[in-house]
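Residue-level listing of the chains:
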Amino acid sequence: MRLEVDIASKSFDNAAGERHDVLAGINFALDAGEVGVIFGPSGCGKSTMLRILAGLDRDYQGHVASPAGARIGMVFQEPRLLPWRSVEENVRIAAPDVDDARLSELFSILELNAHRSHFPGELSLGLARRVALARAFAVEPDFLILDEPLASLDEALAARLREQIAILVGSRSVMTLLVTHNLDDAVRLGDRIFFLSARPARIVHVETIRASRAQRSEANVNEMKADLLRLDLANL
C-alpha cells in the first residue's frame, strides 16, 4: 500500500479577486507502516495539503494516487465531537462495526475508559483530542491523517499523548501523515520529515530518521533537533 503525491500547484482567489499561490511543488510517497511528517511555518498551506490528500479539495494542479478503497482516519486541529453524543457514541458513529474488544483496547491505551459515558462538554481539551484519536483508529484506517493533534496542549500532556500516538501507530501497518510546526513532535514521531517553505509551500528538505521510535533517547532527539536547526531551512 502506497500513497503517491505530486501537487504542482494550488491557488485561490480572495473576495477582492486577488490570486494567492498556496502550494508549489509537493512531491513525495508514503508507504504502509511509515509515519511521514509535514513540518512548516504557520500559514504555509499544510492544512490545505491535507484536505487535498483526504480528497476534500480537488481544485489543484497535479496528481494524488492512493490505494483503491483505502479507509481514511482523520484527526482535525479541533476535536470536532458531537456535543449531544457521549464519548463512546462519538466513536461508534464513525465506526459502527468496531467490536467491543477493539474499542476497549483503544480506550485503555488512550486512558478513556472512565469517560465512556461523558459528553464532550465535560472533557478537557486533552481528553477531547484522545476521543478524536480513538474515533480515527476505530475505523481501522489504511491512511491516517493527523492535523496538529498536539496543538495547544501543555508539554506534559503533549508528551503523554505523543506516547499514545506512537503506540497506536505501531500497532497497525498504516500510512500516517502528521502535520506539525513543532520540531520536537516531528523528530519523536516521524520516520521521514518533509520540511516546507513559506507560501507558496514547496518541499525544501527531507530528513529520514533510521532509529525506531523506541530507540530515540532524549540525547538522540536533542542531537537530531540541533542538527536540523543548523540547516537554516528557512533560507533554502
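Some thoughts on the overall build of the chain
Of the regular secondary structure elements, the chain holds seven helices and 10 strands. In summary, the chain has a C-alpha radius of gyration of 18 Å against a globular reference of 18 Å for 236 residues, a match within 12%. Summarising its shape, the C-alpha atoms of the chain cover approximately 50 × 45 × 35 Å along the three principal directions. Within the span of the chain, comprising 236 residues, buried residues form 48% of the whole. Considering only contacts in the chain between residues 6 or more positions apart, those separated by 24 or more positions represent 71%. Carbon and sulfur atoms make up 49% of the accessible area of the chain, which totals about 11100 Å².

Details of unusual backbone geometry
In this structure, the amide linkage connecting Arg 199 to the following residue, Pro 200, adopts the cis form with an omega of -10 degrees. Looking at where Pro 200 falls in the secondary structure, it is placed in the loop between β9 (192-196) and β10 (203-208). One non-glycine residue, Glu 111, adopts positive backbone phi at about 60 degrees. Even without glycine at this site, Glu 140 takes up a positive phi of about 55 degrees.

Some words on the side chain of Arg 135
With respect to the helices and strands, Arg 135 occurs in helix α4 (residues 125-138). Buried charged residue Arg 135 carries no salt bridge. Nearest counter-charge: Glu 78, at 10 Å. At 2.7 Å, the side chain of Arg 135 and the backbone oxygen of Pro 79 are in polar contact. Polar contacts involving the side chain of Arg 135 include one to the main-chain carbonyl oxygen of Arg 80, which spans 2.9 Å. Apart from the residues within four sequence positions on either side, Arg 135 is in contact with Pro 79, Arg 80, Leu 81, Asn 90, Val 91 and Ala 94.

A word on the packing of helix α2 (residues 87-94) against α4
Relative orientation of the contacting elements α2 and α4 amounts to 30 degrees, with a least axis distance of 8 Å. Taken together, the axis directions place α2 and α4 in an arrangement best described as roughly parallel. Crossing angle aside, the handedness with which α2 passes α4 is right-handed. In this structure, α2 uses Val 87, Asn 90, Val 91 and Ala 94 to contact α4, whose residues at the interface are Val 131, Ala 134, Arg 135 and Ala 138. Per-class residue counts for the contact of α2 with α4 are six nonpolar, one polar and one charged.

Overview of the nonpolar core
Core analysis: the biggest nonpolar cluster contains 46 residues, and Leu 133 and Ile 193 have the highest contact counts within it. Take this core: its biggest share by element is nine residues, from α4. With near-sequence residues (within four places) excluded, Ile 193 lies in contact with Val 37, Phe 39, Ala 186, Val 187, His 205, Val 206, Glu 207, Ile 209 and Leu 228. Ranked by size, the runner-up nonpolar core spans 27 residues in total, among them Leu 3, Leu 23, Cys 44 and Phe 143.

Some words on the packing of aromatic side chains
Both the distance between ring centres and the angle between the ring planes are used here to describe each pair of aromatic rings. This model, assessed by the stated rule, comprises two aromatic pairs. A centroid spacing of 5.2 Å and a plane angle of 65 degrees characterise the contact between Phe 39 and Phe 195, whose relative ring orientation is edge-to-face. Of this pair, Phe 39 sits in strand β4 (residues 35-39) while Phe 195 sits in strand β9, placing them 156 residues apart in sequence. In this structure Phe 39 comes out as buried when scored by relative accessible area, which is 16%. For Phe 195, a relative accessible area of 2% corresponds to the buried category. It is Arg 80 that lies over the ring of Phe 76; its NZ or CZ is 4.2 Å from the centre.

What to know about α4
The terminal C-alpha atoms of α4, which comprises 14 residues, lie 20 Å apart, in line with the 20 Å expected from a rise of 1.5 Å per residue. Phi turns positive one or two residues past the end of α4, at Glu 140, with a value near 55 degrees.

Rules and cut-offs
- Residues numbered from 1 in each chain as written.
- Predicted model: local features only at pLDDT ≥ 70, side-chain atom pairs only at ≥ 80, totals over all residues.
- Heavy atoms only, no water.
- Helix = DSSP H or I, 4+ residues; strand = E, 2+ residues; numbered from the N terminus.
- Rg over C-alpha atoms; globule rule 2.2 N^0.38 Å.
- Buried < 20%, exposed > 50% of the residue type's maximum accessible area, 1.4 Å probe, protein only.
- Contact = heavy atoms within 4.5 Å.
- Areas by Shrake-Rupley, 256 points an atom, 1.4 Å probe, with all protein chains shown as cover.
- Lys, Arg positive; Asp, Glu negative; His and termini not counted.
- Salt bridge = Lys/Arg side-chain N within 4 Å of Asp/Glu carboxyl O.
- Polar contact = N/O pair within 3.5 Å; in protein donor to acceptor, adjacent residues only side chain to side chain.
- Axes fitted to C-alpha atoms, helices over the stretch in contact; angles between N-to-C directions.
- Parallel < 35°, antiparallel > 145°, perpendicular 65-115°, else oblique.
- Left-handed = near helix turned anticlockwise from the far one by under 90°.
- Nonpolar A, V, L, I, M, F, W, Y, C, P; charged D, E, K, R; others polar.
- Core = buried A, V, L, I, M, F, W, Y, C linked by side-chain atoms within 4.5 Å.
- Phe/Tyr/Trp six-rings, centres within 6.5 Å; stacked < 30°, edge-to-face > 60°.
- Lys NZ or Arg CZ within 6 Å of the ring centre and 35° of its normal.
- Expected span 1.5 Å × (residues − 1).

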